[in-house]
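Fold and geometry: a report
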Amino acid sequence: MTEPQPARRGRIALTGAAGSLARDIIPHLRRCGYELVCLDQAEPADPMGCEWVIGSIHDADRLREAFAGCAAVVHLAGIPLEASWEEISRTNIDGTQAVLEAARAADVPKAVLASSIHATGYTPVPAEGDLLPDDVPVRPNTFYGVSKAAVEALGSLYADRHGLDVVCLRIASRFARPENERMLSTWLSPADAGRLFEAALSEAAKGFRIVWGVSRNTRGYLSPDGGRAIGFFPEDDAEAYAGELPADAAGAAQGSEWDRRCIGGVFSSPEPPMFSPRA
Ligand SMILES: NC(=O)c1ccc[n+]([C@@H]2O[C@H](COP(=O)([O-])OP(=O)(O)OC[C@H]3O[C@@H](n4cnc5c(N)ncnc54)[C@H](O)[C@@H]3O)[C@@H](O)[C@H]2O)c1
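Residues numbered from 1 in each chain as written. Predicted model: local features only at pLDDT ≥ 70, side-chain atom pairs only at ≥ 80, totals over all residues. Heavy atoms only, no water.

By the naming in an unreviewed UniProt entry, the protein chain is NAD-dependent dehydratase, taken from Sinomonas atrocyanea. On record in UniProt, under Sequence similarities (unreviewed entry), the comment for the protein chain is "Belongs to the NAD(P)-dependent epimerase/dehydratase family." (UniProt positions renumbered as here; feature names shortened; annotations may be inferred.)

Here's what the structure looks like:
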């Protein structure tokens with residue numbers, strides 16, 4: 001007996017496909033029936049049954065090759081933490097503009113962009129029971145956060161000027177499991193990350209949208225409304241791990257001052273975690 005195959009759903013290009021978030025979502029999107037063409041400047045540890053284009057998002061020829069005939073581009077390539085302005089602006093801002101321009105030139109009708117909670121990381125933690133809307137105004141806490149605000153602004157430009165459907169996902173804390181008290185509110189589980197990108201690629205996600213990427217956490221303060229509107233129904237709750245926060249997070253488990261003050265937590269401190277490239 002052969003396994004039943006999912007209905008074919010078209011060809012999708014994925015940038016930053018050798019990274020850790022991509023490793024969560026590639027198997028899910030393949031199970032949904034998408035054919036994936038993966039682009040990264042690094043060789044993947046595991047090709048996961050996909051076609052690969054090895055090259056930079058700054059290389060227009062590689063982008064053209066990867067995007068030909070695609071129904072959407074999922075853009076994940078970037079520096080995922082704080083770094084110098086030169087590195088951040090080159091990779092995250094110039095790189096996103098290059099990706100959107102290549103998508104437009106290849107007549108790709110949709111882009112799903114990886115934004116971040118840090119685009120608005122200085123937003124105060126709301127009072128208990130209050131929810132922050134998906135499009136709460138930008139209030140970046142780092143150069144990284146500024147770059148994600150620029151990613152959203154570029155997405156808005158390409159939606160309005162060129163008619164692309166653009167979904168900006170404000171991903172909160174995508175970890176295997178919550179690692180501190182803040183993540184009991186901001187955790188995005190790996191399985192929910194797959195569901196999030198599936199919804200962003202669906203027909204329901206038209207026009208320009210900003211959507212929180214977060215699980216259905218009991219202590220959550222990020223609104224589920226934008227997600228529901230595109231068919232994102234997360235299933236995981238960080239509360240299941242509340243009694244198991246790592247012992248070395250004992251201090252953090254009490255909640256750092258920054259975690260209580262701003263939704264970006266320690267990223268909003270004067271010494272945010274810095275990016276160190278893989279060897
Ligand atoms: N992981 C999270 O919790 C989280 C939260 C918010 C936003 N994001 C965003 O999601 C995206 C993916 O994050 P991640 O955690 O997988 O990071 P990651 O560092 O594991 O993956 C990023 C990938 O992008 C690739 N890349 C970098 N520069 C490139 C270039 N010039 N050309 C081609 N490829 C390039 C890297 O080789 C790497 O494989 C990032 O944009 C990040 O800012 C992640």
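1. Structural notes on the UniProt feature "domain: NAD-dependent epimerase/dehydratase" (unreviewed entry) in the protein chain
In the numbering used here, UniProt assigns the "domain: NAD-dependent epimerase/dehydratase" (unreviewed entry) feature to residues 12–195. The span residues 12–195 carries 39% helix and 20% strand; its end-to-end C-alpha distance comes to 16 Å. (Helix = DSSP H or I, 4+ residues; strand = E, 2+ residues; numbered from the N terminus.)

2. Regarding helix 4 (residues 143–162)
Taking 1.5 Å of rise per residue, the 20 residues of helix 4 would be expected to cover 28 Å, and the 28 Å separating its terminal C-alpha atoms lies within 8% of that figure. Those residues of helix 4 that fall on the buried side of the exposure criterion are Tyr144, Gly145, Ser147, Lys148, Ala149, Ala150, Val151, Glu152, Leu154, Gly155, Tyr158 and Ala159. Looking at the buried positions of helix 4, the neighbouring elements they touch are helix 3 (85–105), strand 5 (110–116), strand 6 (165–171) and strand 9 (208–213). Count one or two residues on from helix 4 and you reach glycine 163, which has phi positive near 75°. (Expected span 1.5 Å × (residues − 1). Buried < 20%, exposed > 50% of the residue type's maximum accessible area, 1.4 Å probe, protein only. Contact = heavy atoms within 4.5 Å.)

3. Let's talk about the side chain of serine 223
When you line up the elements, serine 223 lands in the loop between strand 9 and helix 7 (225–229). Overall, the relative accessible area of 7% leaves serine 223 in the buried class. Within the structure, the side chain of serine 223 is placed 3.0 Å from the backbone nitrogen of aspartate 225, a separation counted as a polar contact. Serine 223 has contacts with Leu131, Leu132, Pro133, Asp134 and Trp212, leaving out every residue within four places of it along the chain. (Polar contact = N/O pair within 3.5 Å; in protein donor to acceptor, adjacent residues only side chain to side chain.)

4. Re unusual backbone geometry
The general pattern is negative phi for most residues beyond glycine and trans for most peptide bonds. Despite not being glycine, methionine 48 has its phi angle at roughly 50°, a positive value. The topology assignment puts methionine 48 in the loop between strand 2 (35–40) and strand 3 (51–54). One non-glycine residue, aspartate 107, lies in positive phi territory at about 60°. The residue aspartate 107 is located in the loop between helix 3 and strand 5 in this model. Looking at aspartate 107, the relative accessible area reads 66%, which means it is exposed.

5. Topic: a nonpolar patch on the surface
A cluster of nonpolar side chains, Trp85, Phe143 and Val146, forms an exposed patch at the surface whose accessible area comes to about 250 Å². With respect to the helices, strands and loops of the structure, valine 146 is situated in helix 4. Note on valine 146: relative accessible area 33%, which makes it partly exposed. (Patch = residues over 30% accessible without salt bridge, like charges linked within 9 Å, V, L, I, M, F, W, Y side chains within 5 Å. Areas by Shrake-Rupley, 256 points an atom, 1.4 Å probe, with all protein chains shown as cover. Salt bridge = Lys/Arg side-chain N within 4 Å of Asp/Glu carboxyl O.)

6. Observations regarding helix 1 (residues 20–31)
Turning to helix 1, its buried residues number three or more, namely Leu21, Ala22, Ile25, Ile26, His28 and Leu29. In this structure, the buried side of helix 1 is in contact with strand 1 (11–15), strand 2, strand 6, strand 7 (173–174) and helix 6 (190–200). Count one or two residues on from helix 1 and you reach glycine 33, which has phi positive near 105°.

7. Re the site of the ligand
As a matter of local geometry, the ligand sits amid 26 residues, with Leu21, Asp40, Leu76, Tyr144 and Lys148 nearest to it. In this structure, aspartate 40 approaches the ligand through a side-chain N or O atom, which is 2.6 Å from an oxygen atom. For the ligand, whose unbound accessible area comes to 830 Å², protein coverage reaches 89%. At the level of secondary structure, the elements contributing two or more residues to the shell around the ligand comprise helix 1, strand 5 and helix 4. The biggest single contributor to the shell around the ligand is strand 5, with 3 residues. (Near = heavy atom within 4 Å.)

8. Topic: the packing of helix 1 against helix 6
Between helix 1 and helix 6, whose axes approach to 8 Å, the crossing angle comes to 65°. When you trace helix 1 past helix 6, the crossing you get is right-handed. On helix 6, the residues touching Leu21, Asp24, Ile25, His28 and Leu29 of helix 1 are Pro190, Ala193, Gly194, Arg195, Phe197 and Glu198. Residues of the contact of helix 1 with helix 6, tallied by class, amount to 6 nonpolar, 2 polar and 3 charged. (Axes fitted to C-alpha atoms, helices over the stretch in contact; angles between N-to-C directions. Left-handed = near helix turned anticlockwise from the far one by under 90°. Nonpolar A, V, L, I, M, F, W, Y, C, P; charged D, E, K, R; others polar.)

9. Some thoughts on the pattern of salt bridges
Under the definition given, this model contains 17 salt bridges. Arginine 174 is the partner of aspartate 24 in a salt bridge, and the nearest nitrogen-oxygen pair spans 2.9 Å. On the criterion of sequence distance, the pair formed by aspartate 24 in helix 1 and arginine 174 in strand 7 is long-range, its members being 150 residues apart. Of the charged contacts, one joins arginine 177 and glutamate 244 as a salt bridge, the two residues approaching to 3.0 Å between their closest N and O atoms. Of this pair, arginine 177 sits in the loop between strand 7 and helix 5 (183–186) while glutamate 244 sits in the loop between helix 7 and helix 8 (250–253), placing them 67 residues apart in sequence. Classification of arginine 177 as partly exposed rests on a relative accessible area of 39%. A cluster of three or more residues bridged by salt bridges with shared partners is formed by Asp192, Arg195, Glu235 and Asp236.

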